[in-house]
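Each chain, written out:
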Amino acid sequence: MKHYTNVKDLGDLQQAVKEALEVKKNRFAYKNIGENKTLLMVFFNSSLRTRLSTQKAGMNLGMNTIVLDVNQGAWKLETERGVIMDGDKPEHLLEAIPVMGCYCDIIGVRSFARFESKEFDYEEVIINQFINYSGKPVFSMEAATGHPLQAFADLITIEEYKKTARPKVVLTWAPHPKALPQAVPNSFADFMNEANVDFVITHPKGYELCDKFVRGAKVEYDQAKAFEGADFIYAKNWAAYQDPNYSKILSTDRAWTVDTAKMALTNNAYFMHCLPVRRNMIVTDDVIESPQSLVIPEAANREISAQVVIKRLLQNN
Ligand code: CP
């Protein structure tokens, strides 16, 4: 693996999950492969889980880690090529990236969709610039259109908790007061489409995701119908993807909030969410605090997904 930005970079997904479960059993088995190597984690956006779990994963592999919060203490960065830099941004990303590459062996990048231009977001301009100009292996810590470390952790969690060989997994839109990117649902769909699961997406009309990630998966607009017989409910909000509403909030209808009555329609399903979550918007207190809630095991598996990815980048570069 040269870089990690989507499910395809993992190759055989079954094998990747097997490797993850082995790493989880003994996370210090490879503590020497990162000796004298440096992991640089670059954040353009806030984080709790990704920051801690990825740093921990690097340390498990014996790496030194550096965290750069671009918006706190670094020079403000211009990211558009061709701009006359007479404003408040004294440094261009096209110099900053190769400079960052001088100080590390692997770079993780978090750079969310900006919602200024669908083309800019869906061309993944920022992470691709890191891939093209850093000279180092790069992995996504959530980019504009995908969050593959999260989706890999979600798949590991489903493998650990599933009770049937081919569980029914439902990705449901849920309401939220702010416009959120499609990165998490995109990557979740991407992974579920490659996994041995019966995958259904449910959302209000107008929230259709990009075909590149949906890949023909079943879309059911009736949330109650989608929940019937489900083994896993994965809740997430996202803003509209389709034109002309890209990045807009079309609904905050709390009838879509995951509550006990809806969970009762399922096959005693587990509840999943990547966190952070807005309680009683996305999911009720009762559901997230229930024994069926997997939000903490999912977060714990972020260390494991990150460790497999960093391990493979160390081994293959
Ligand atoms: N799920 C996730 O990526 O959490 P953070 O935004 O806190 O890193």
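Presented here is an overview of the structure given in this document.

Calculation rules
Residues numbered from 1 in each chain as written. Predicted model: local features only at pLDDT ≥ 70, side-chain atom pairs only at ≥ 80, totals over all residues. Heavy atoms only, no water. Helix = DSSP H or I, 4+ residues; strand = E, 2+ residues; numbered from the N terminus. Contact = heavy atoms within 4.5 Å. Pairing = 2+ DSSP bridges. Axes fitted to C-alpha atoms, helices over the stretch in contact; angles between N-to-C directions. Near = heavy atom within 4 Å. Polar contact = N/O pair within 3.5 Å; in protein donor to acceptor, adjacent residues only side chain to side chain. Areas by Shrake-Rupley, 256 points an atom, 1.4 Å probe, with all protein chains shown as cover. Nonpolar A, V, L, I, M, F, W, Y, C, P; charged D, E, K, R; others polar. Domains from an automatic or database assignment. Buried < 20%, exposed > 50% of the residue type's maximum accessible area, 1.4 Å probe, protein only.

### Quick notes on the environment of Phe112
Among the secondary structure elements, Phe112 is positioned in the loop between strand S5 (106–110) and helix H4 (118–122). Excluding anything up to four places from it in sequence, Phe112 contacts Asn45, Ser46, Glu142, Ala143 and Ala144.

### A few points about the sheet that holds S5
Across a sheet, strands are paired by hydrogen bonds formed along the backbone, either parallel or antiparallel in direction. Here we have four strands laid out as an open sheet, ordered S2-S1-S5-S6, and parallel in their pairing. If you trace the sheet from one side to the other, it starts and ends with strand S2 (64–69) and strand S6 (138–140), each paired once. Along the sheet, successive strands turn relative to each other by an average axial angle of 20 degrees, direction set aside. As paired elements, S5 and S6 share three bridges and run parallel to each other. Residue Gly108 lies in a different strand from S6, and its bridge partner there is Phe139. The strands that helix H5 (residues 125–133) touches are strand S1 (38–43), S5 and S6; relative to S6, the one it contacts most, it runs at about 165 degrees.

### Description of the sheet that holds strand S11 (residues 270–272)
The strand order across the open sheet formed by five strands is S9-S8-S7-S10-S11, and the pairing between neighbours is parallel. Unpaired on one side and paired on the other, strand S9 (218–219) and S11 mark the two borders of the sheet. Here strand S10 (residues 232–236) runs beside S11; their pairing, made up of three bridges, is parallel. Across the sheet, Ile233 pairs through a bridge with Phe271, a residue of S11.

### Overview of the site of the ligand
Every residue lining the ligand is accounted for by Ser47, Leu48, Arg49, Thr50, Arg110, His147, Gln150, Cys274, Leu275 and Arg302. Arg302 has a polar side-chain atom sitting 3.1 Å from an oxygen atom of the ligand. For the ligand, whose accessible area on its own is 250 Å², the fraction buried by protein is 93%. Looking at the shell around the ligand residue by residue, the class counts come to three nonpolar, four polar and three charged. Of the domains in this structure, domain 1 (7–146 + 302–316) and domain 2 (148–298) are the two that each give at least three residues to the shell around the ligand.

### Some details on the pairing of S10
A large share of S10 lies buried, amounting to five of its five residues. Both faces of S10 are covered, namely the face carrying Phe232, Tyr234 and Lys236 and the face carrying Ile233 and Ala235. Examined bridge by bridge, strand S7 (residues 168–173) and S10 share five bridges and lie parallel to one another. Residue pairing across strands places Leu171 opposite Tyr234, the latter belonging to S10.

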